[in-house]
Amino acid sequence: MANTLSPQSVITFWKHAGPARWFKKDEAFDTEFRDTFHAAHFQAARGELEHWMDSPQGALALLLLLDQYPRNAFRGTAHMFATDPLARLYAGRMIDAGMDKQIEASLKPFCYLPLEHSENVEDQQRSLALNQALDANTYRWAKEHADIIERFGRFPHRNGVLARTTTAEERVFLEEGGFSG
C-alpha cells in the first residue's frame, strides 16, 4: 500500500476488502493483508501505536491490526492468537470510553470481536451484551462463541496450533463439525 500508515489507511483497506473477504479463508487476501500491514502489526504489538487510542478510528484500526490481522496473516499458527490480550485490553478501553458508539454500523462488530475471541467467560458475556444491539447474524456468531466457551472453557479448534491436548468431548465436537474458526 503506497499510503502512509494511519488509522484511516487500515480502515480503508478493511472496508475495501468487505464482508465477502473478512471471514473467508482466502490465501490471496491473507497475503495482501500480511504484506500491506506486516510492519504495522508489529508496531501495534509493541505498543508503538497506542496513541491511536485517542480517537475512535484509531482504536478501531488498532483492533483490526491486533485481532483480525493475525488471524489472516498467521493463519494456522499460534501467532494467530498472540496479540489477543492486547486487543482485548484496547477493546475494553475503547468500549469504556464510548468510542464504539462512534463507529459505523458495518464496522462496529470489530470493536467487540476481541471479546468474542476470548476464552474468558466474562469477556464472552460482555460480547453477548454488546452484540445483542447489532444485527441478528452478528449476535448469532457471538452466541456460538460464548456457547463453546461455556461448554469447554476454551476453543477446541485452537488446540492443535496451541499444542493443547484435545479432550474426548472436544474431539467429538470437532469431528461432528463443531466450530472451526
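Right above here is the structure, for reference.
Here goes a summary of the coordinates provided. Residue numbers here run from 1 along each chain, matching the order of that chain's written sequence. In keeping with the predicted nature of the model, local features appear solely for residues at pLDDT of at least 70, side-chain atom pairs appear and are counted solely at 80 or more, and the whole-chain, interface and lining totals rest on all residues. By convention in this description, side-chain values take in all heavy atoms of the structure and omit both hydrogens and water.

**Notes on the packing of helix H7 (residues 121-131) against helix H8 (residues 136-152)**
The relative placement of two packed helices comes down to the angle between their axes together with the axis-to-axis distance. Throughout, an axis means a line fitted to C-alpha atoms (over the contacting stretch in the case of helices), and angles, computed between N-to-C directions, take values from 0 to 180 degrees. Only DSSP runs of H or I covering at least 4 residues are called helices, and only runs of E covering at least 2 are called strands; the numbering of each starts at the N terminus. Where H7 contacts H8, the axes come no closer than 9 Å and their chain directions differ by 165°. In terms of axis orientation, H7 runs roughly antiparallel to H8. Considering only the axes of H7 and H8, their crossing is left-handed. The residues of H8 that touch H7, namely those facing Val121, Gln124, Gln125, Ser127, Leu128 and Asn131, are Thr138, Tyr139, Ala142, Lys143, His145, Ala146, Ile149 and Glu150. By residue class, the composition of the contact of H7 with H8 is six nonpolar, six polar and two charged. The labels follow the angle: roughly parallel below 35 degrees, roughly antiparallel above 145, roughly perpendicular from 65 to 115, and oblique for the rest. Crossing chirality is assigned from the near helix's rotation relative to the far helix, an anticlockwise turn below a right angle marking it left-handed and a clockwise turn marking it right-handed. Only heavy atoms enter the contact rule, under which two residues are in contact if any of them lie within 4.5 Å. In this classification, Asp, Glu, Lys and Arg are treated as charged, Ala, Val, Leu, Ile, Met, Phe, Trp, Tyr, Cys and Pro as nonpolar, and every other residue, Gly included, as polar.

**Topic: unusual backbone geometry**
At alanine 163, a residue that is not glycine, the phi angle is positive and equals roughly 55°. For alanine 163, the location among the structural elements is in the loop between H8 and helix H9 (168-175). Exposure categories follow from relative accessible area, calculated using a 1.4 Å probe and restricted to protein chains: below 20% of the type maximum is buried, above 50% is exposed, and the middle band is partly exposed. A residue is classified by how much of its surface remains accessible, and alanine 163, at 72% relative accessible area, is exposed.

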